[in-house]
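# Fold and contact review
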Amino acid sequence: MPDVSHHDTELIAAAAQSIRDLRRHGCRVHSITNTVAQNFTANVLLACGARPSMTVDADEVEYFTSRANALHINLGTLDSGRRAAIEKSIEVANQAGKPILLDPVMVHVSPNRRDFARELSSSVHVIRANQAEMDSLGDSPASAVSVVTGPVDHVNWEDGSFTIERGSHLMDQVIATGCALGGLMAALLPVAPNPQTAAIAALGWFAFSGENAHRDSQGPGTFAPLFLDRLYDFDPVRMEELAR
Amino acid sequence: MPDVSHHDTELIAAAAQSIRDLRRHGCRVHSITNTVAQNFTANVLLACGARPSMTVDADEVEYFTSRANALHINLGTLDSGRRAAIEKSIEVANQAGKPILLDPVMVHVSPNRRDFARELSSSVHVIRANQAEMDSLGDSPASAVSVVTGPVDHVNWEDGSFTIERGSHLMDQVIATGCALGGLMAALLPVAPNPQTAAIAALGWFAFSGENAHRDSQGPGTFAPLFLDRLYDFDPVRMEELAR
Amino acid sequence: MPDVSHHDTELIAAAAQSIRDLRRHGCRVHSITNTVAQNFTANVLLACGARPSMTVDADEVEYFTSRANALHINLGTLDSGRRAAIEKSIEVANQAGKPILLDPVMVHVSPNRRDFARELSSSVHVIRANQAEMDSLGDSPASAVSVVTGPVDHVNWEDGSFTIERGSHLMDQVIATGCALGGLMAALLPVAPNPQTAAIAALGWFAFSGENAHRDSQGPGTFAPLFLDRLYDFDPVRMEELAR
């Protein structure tokens, strides 16, 4: 029987409460994300009680970021227009003290993108990536919580860490599941007591919803709509299973 | 028992006939819409018997607009490239006397976008928006039919109005449902006797299809594909229920 | 009873083996495709065992193309940024001897796009199009295999041809099915003995999966997720039915 520290139990309870609070209070997320992931990410955010906006133009992101409660930056399908919009959005969010999540998609493939992500990383509160991407960023700033997702998910912060090994392999067979997870973490940042709690809440919400959707699906195609349904009717009490 | 005017009964019958005519004759819609909504809008148009094209480049929209029967302009994810393409498309459509629908997404958030929408509004035949967006546009030109959607949908034209209070709340939980509704209204413009009839046809088609899809769905994820199925096999006779 | 040549039987067996090899070895496809089709194409590629990347920026495509096993070029939603990225990607793929598929979407509508497609056609290994698009390209280079899709699909190469008349009409009611088919052909190029085998493998995989999905669906909405499921669990033995 695994040893569950008091600290973990508190974190899990706080994560469950963050889910309830997102549903109760809502959250406007301005999401600058890749064109492949936009639609699915928006549907995940709606299913979880958040309201997305996804404008990318540098002349307009100021208004959308000012109005949002959190900022979600995903570097997929990056181009010069997106770079300018991301810099402007982060500036506006930082000035207003709004939380920011960075998803440095594929930075291990493109040196240009990696350098850009390194510049941004000191201005954000959570970095979510796979192991190759996180390694490519080098030492991430101590100020940011890092979330490395994979068969096992690891959340690391200044003086603690948390590990989750749940979910369904079908989640990797649906494009943009990881991108949408980043969006949900961003949405939880304003209601959670700290970034690690938001990260754990999003990971658990995704993992249990994925397991349930897997049970009723016939493959990755039918999995995707069922996954949205299970996010929508997820019972936060299930978060307690993370302690087992 | 509500009093149904002779005028309303005629409108509803004309709306049902427009649905039949769209299916019989088809309609090419050139749709300049946001990247979040493109895929779902295209699938809605196909399910309803229309053929979408979605090219955005200012150097190419002329050819696609010339070939289309209707033009659908949606201001989501606006940028300078889209602005130029929209201006060119509207010019081409106006010269050829083709009907145009404008969906001024989020104009209440961005002043740049609002000013652009105001410039365009005198060149279009239908404006579809939510209440905040419509208020932000100010006095819409008398030449355009206005459609304000929400829990209750209102269609207003020079000497009449029509109200619909049907549908499912799950429609708001699927991104781009409103955007796709604008696309369908555009597709109905060439076959309907006037813009208000096209608007009523699209609103009823969406509302009844949404109610039926809701009945068989488990949440917003499974709702979306079922909604497309119900649009596809919708029986226009049901439009008569709008009179009840 | 149709006469099945020994040659056809060999082609069909090689196509079935290519499907097995794609699943076993995987394939990285760099796909520069239109924003309407990106999400569905990526999900088709994942369901079939390939790994897509979809970055479009000319400053980054070099890295993604270098790392990919095949290049998929689709001219939908073309603009100047996409043109530059396509030219760069093809240059990199040609230098490295990587196979390239071109899908000249809507070239019969836009003369600009047609001229661009003609320039590209001598650098690619497969051209997939509908009849109107293929006619508009003029004489395609003898070096490329041509695939003309429609109610009947025709694959033509230097000294042979193959015809398939299977599938479901619902495939035409889901946007981007043809675009995704091009992506799958590209993914099969590195594992197939020649381009015509890759084309036949993709056409059969799509056609039988479409027929099976049709059987269980209620319309085009529920068809799409079931189609992905049937691609995912497709049994290559069924390819033998192409000989009947």
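Refer to the structure above for everything that follows.
Residues numbered from 1 in each chain as written. Chains lettered and ligands numbered in written order. Predicted model: local features only at pLDDT ≥ 70, side-chain atom pairs only at ≥ 80, totals over all residues. Heavy atoms only, no water.

## Remarks on helix α2 (residues 38-47) of chain A
The following threshold applies: Here's how the labels work: a residue is buried when its accessible area is under 20% of the maximum for its type, exposed when over 50%, partly exposed in between, all with a 1.4 Å probe on protein chains only. The helix count covers DSSP runs of H or I at least four residues long, the strand count covers runs of E at least two residues long, and both are numbered beginning at the N terminus.
For α2 of chain A, a buried count of nine out of ten residues is recorded, marking the element as mostly surrounded by other parts of the structure. In the segment just after α2 of chain A, Gly49 of chain A is the residue with positive phi, at about 100°.

## What to know about the relation of the copies chain A and chain C
Heads up, the rule is: Here the copies are matched by least squares. The fit uses the C-alpha atoms of residues with pLDDT of at least 70 in both. Between two residues, a contact is recorded if the distance between any of their heavy atoms is within 4.5 Å.
For the pair chain A and chain C, the superposition axis carries a translation of 0.0 Å, the fit reaches an RMSD of 0.0 Å, and the rotation angle comes to 120°. Here the copies are linked by what is in effect a three-fold axis. Closest approach to the rotation axis within chain A is made by the C-alpha atom of Thr35 of chain A, at a distance of 3.8 Å. A share of only 4% of interface residues in chain A that are also interface residues in chain C marks the association as one of differing surfaces.

## Observations regarding the sheet that holds strand β6 (residues 145-148) of chain C
Residue and element names in this part refer to chain C. Definition in use: Paired strands are those between which DSSP finds at least two bridges. What counts as an axis is a line fitted to C-alpha atoms, over the stretch in contact for a helix, and the angles between N-to-C directions run from 0 to 180 degrees.
Across the sheet, eight strands lie side by side as β2-β1-β3-β4-β5-β6-β7-β8; this open sheet has mixed pairing. Unpaired on one side and paired on the other, β2 (51-53) and β8 (160-164) mark the two borders of the sheet. The mean inter-strand angle of the sheet, taken between neighbouring strand axes irrespective of direction, is 20°. Taken together, the four bridges between strand β5 (residues 126-129) and β6 define a ladder with parallel strand orientation. Pairing of Arg128 across the sheet is with Val147, part of β6. Of the strands in this sheet, β1 (28-32), β3 (70-74) and β4 (100-103) are in contact with helix α4 (residues 80-95), which crosses β3 at around 155°.

## Points about the interface of chain A and chain C
To keep things clear, this is the line we draw: Here the quantity called buried area is the total loss of accessible area, with a 1.4 Å probe, experienced by two parts when brought into contact, counted for both. Counted as a polar contact is a pair of N or O atoms within 3.5 Å, where, for protein atoms, one must be capable of donating a hydrogen and the other of accepting one, and residues adjacent in sequence contribute only when both atoms are in side chains. Nonpolar residues are Ala, Val, Leu, Ile, Met, Phe, Trp, Tyr, Cys and Pro. Charged residues are Asp, Glu, Lys and Arg, and all others, Gly as well, are polar.
In this assembly, 25 residues from chain A lie in contact with 25 residues from chain C. Of the roughly 2,000 Å² buried between chain A and chain C on both sides combined, carbon and sulfur atoms contribute 55%. When the buried area of chain A at its contact with chain C is split by residue, Val109, Gln173 and Ile175 of chain A rank highest and sum to 25% of it. Inspection of the region where chain A meets chain C yields twelve residue pairs in polar contact (both at pLDDT 80 or more). Residues of the side of chain A that touches chain C, tallied by class, amount to ten nonpolar, twelve polar and three charged.

## Side note on the interface of chain B and chain A
Filter applied, for reference: Definition used for salt bridges: Asp or Glu carboxyl oxygen within 4 Å of a side-chain nitrogen of Lys or Arg.
Listed by partner, the interface residues are 24 residues for chain B and 25 residues for chain A. Carbon and sulfur atoms supply 55% of the area that chain B and chain A bury against each other, a total of about 2,000 Å² over both sides. When the buried area of chain B at its contact with chain A is split by residue, Val109, Gln173 and Ile175 of chain B rank highest and sum to 25% of it. Among the ionic pairs, Glu60 of chain A bridges to Arg113 of chain B, the shortest N-O distance being 2.7 Å. Of all the elements in the fold, those that place two or more residues in the side of chain B that touches chain A are α5 (111-121) and α9 (220-232) of chain B. The residue makeup of the side of chain B that touches chain A, split by class, is nine nonpolar, twelve polar and three charged.

## Quick look at unusual backbone geometry
Despite not being glycine, Ala176 of chain B shows a phi value in the positive range, around 80°. Along the chain, Ala176 of chain B falls in the loop between β8 (160-164) and α7 (177-188). Positive phi values are uncommon outside glycine, yet Met106 of chain C reaches one of about 60°. Along the chain, the position of Met106 of chain C falls in the loop between β4 and α5 (111-121).

## Side note on the pairing of strand β8 (residues 160-164) of chain A
Where strand β7 (residues 153-157) of chain A meets β8 of chain A, five bridges bridge the pair, whose relative direction is antiparallel. Across the sheet, Trp157 of chain A pairs through a bridge with Gly160 of chain A, a residue of β8 of chain A.

## Concerning the state of the cysteines
For the record, the criterion: In plain terms, two cysteine sulfur atoms within 2.5 Å form what is called a disulfide here.
Overall, the coordinates contain zero disulfides over all chains when judged by the stated rule. Between Cys27 of chain A, a free cysteine, and Cys48 of chain A, which holds the nearest cysteine sulfur, the sulfur-to-sulfur gap is 11 Å.

## Details of the relation of the copies chain B and chain A
Here the two chain copies are tied together by a rotation about an axis and a shift along that axis. Note on the copies: chain B fits chain A at an RMSD of 0.0 Å, the axial shift is 0.0 Å, and the rotation between them is 120°. Take the interface residues of chain B: only 4% of them recur as interface residues in chain A, which is what a contact between different surfaces looks like.

## Notes on empty space enclosed by the protein
The test is simple: Grid spacing is 1 Å over the protein atoms alone, the probe is 1.4 Å, and a cavity is where that probe fits but cannot get out, while a pocket is an open set with protein on both sides within 12 Å along at least five of seven lines and lining residues have an atom within 4 Å of a point. Grid points are joined across faces, edges and corners, and a volume is the space filled by probe spheres set on the points.
Tallying each qualifying case throughout the model produces one cavity of 30 Å³ or more. In this structure, the largest cavity spans a volume of roughly 720 Å³. Along its surface, the largest cavity is lined by 36 residues, and Asn39 and Asn43 of chain A, Asn39 and Asn43 of chain B together with Asn39 of chain C are the ones closest to its centre. Listing elements by their share of the lining of the largest cavity, those giving two or more residues are α2 and α9 (220-232) of chain A, α2 (38-47) and α9 of chain B together with α2 (38-47) and α9 (220-232) of chain C. Tallied by class, the residues present in the lining of the largest cavity amount to 23 nonpolar, 13 polar and no charged.

## Let's talk about the packing of helix α8 (residues 195-216) of chain B against α9 of chain B
Relative placement of two packed helices is described by the angle separating their axes and the distance separating the axes. All names here are of chain B. The condition that has to hold: In this scheme, roughly parallel covers angles under 35 degrees and roughly antiparallel covers those over 145, while 65 to 115 is roughly perpendicular and the rest are oblique. Left-handed describes a crossing whose near helix is turned anticlockwise from the far helix through less than a right angle; right-handed describes the clockwise counterpart.
The geometry of α8 relative to α9 is characterised by a closest axis approach of 8 Å and an angle of 130° between their N-to-C directions. Overall, the two elements α8 and α9 adopt an arrangement that is oblique. Between α8 and α9 lies a crossing whose hand is right-handed. Contact residues: α8 offers Trp205, Phe206, Ser209, Gly210, Asn212, Ala213, His214 and Asp216, while α9 offers Phe223, Leu226, Phe227, Arg230 and Leu231. Class assignment for the residues of the contact of α8 with α9 results in seven nonpolar, four polar and two charged.

## Examining the pattern of salt bridges
All names here are of chain A. Scanning all chains against the criterion turns up 24 salt bridges over all chains. With a closest N to O distance of 3.5 Å, Arg166 and Glu241 form a salt bridge. Of this pair, Arg166 sits in the loop between β8 and α7 (177-188) while Glu241 is found in the segment after α9, placing the two residues 75 residues apart along the sequence. The partly exposed category is assigned to Arg166, whose relative accessible area is 31%.

Purely geometric numbers; function is a separate question.
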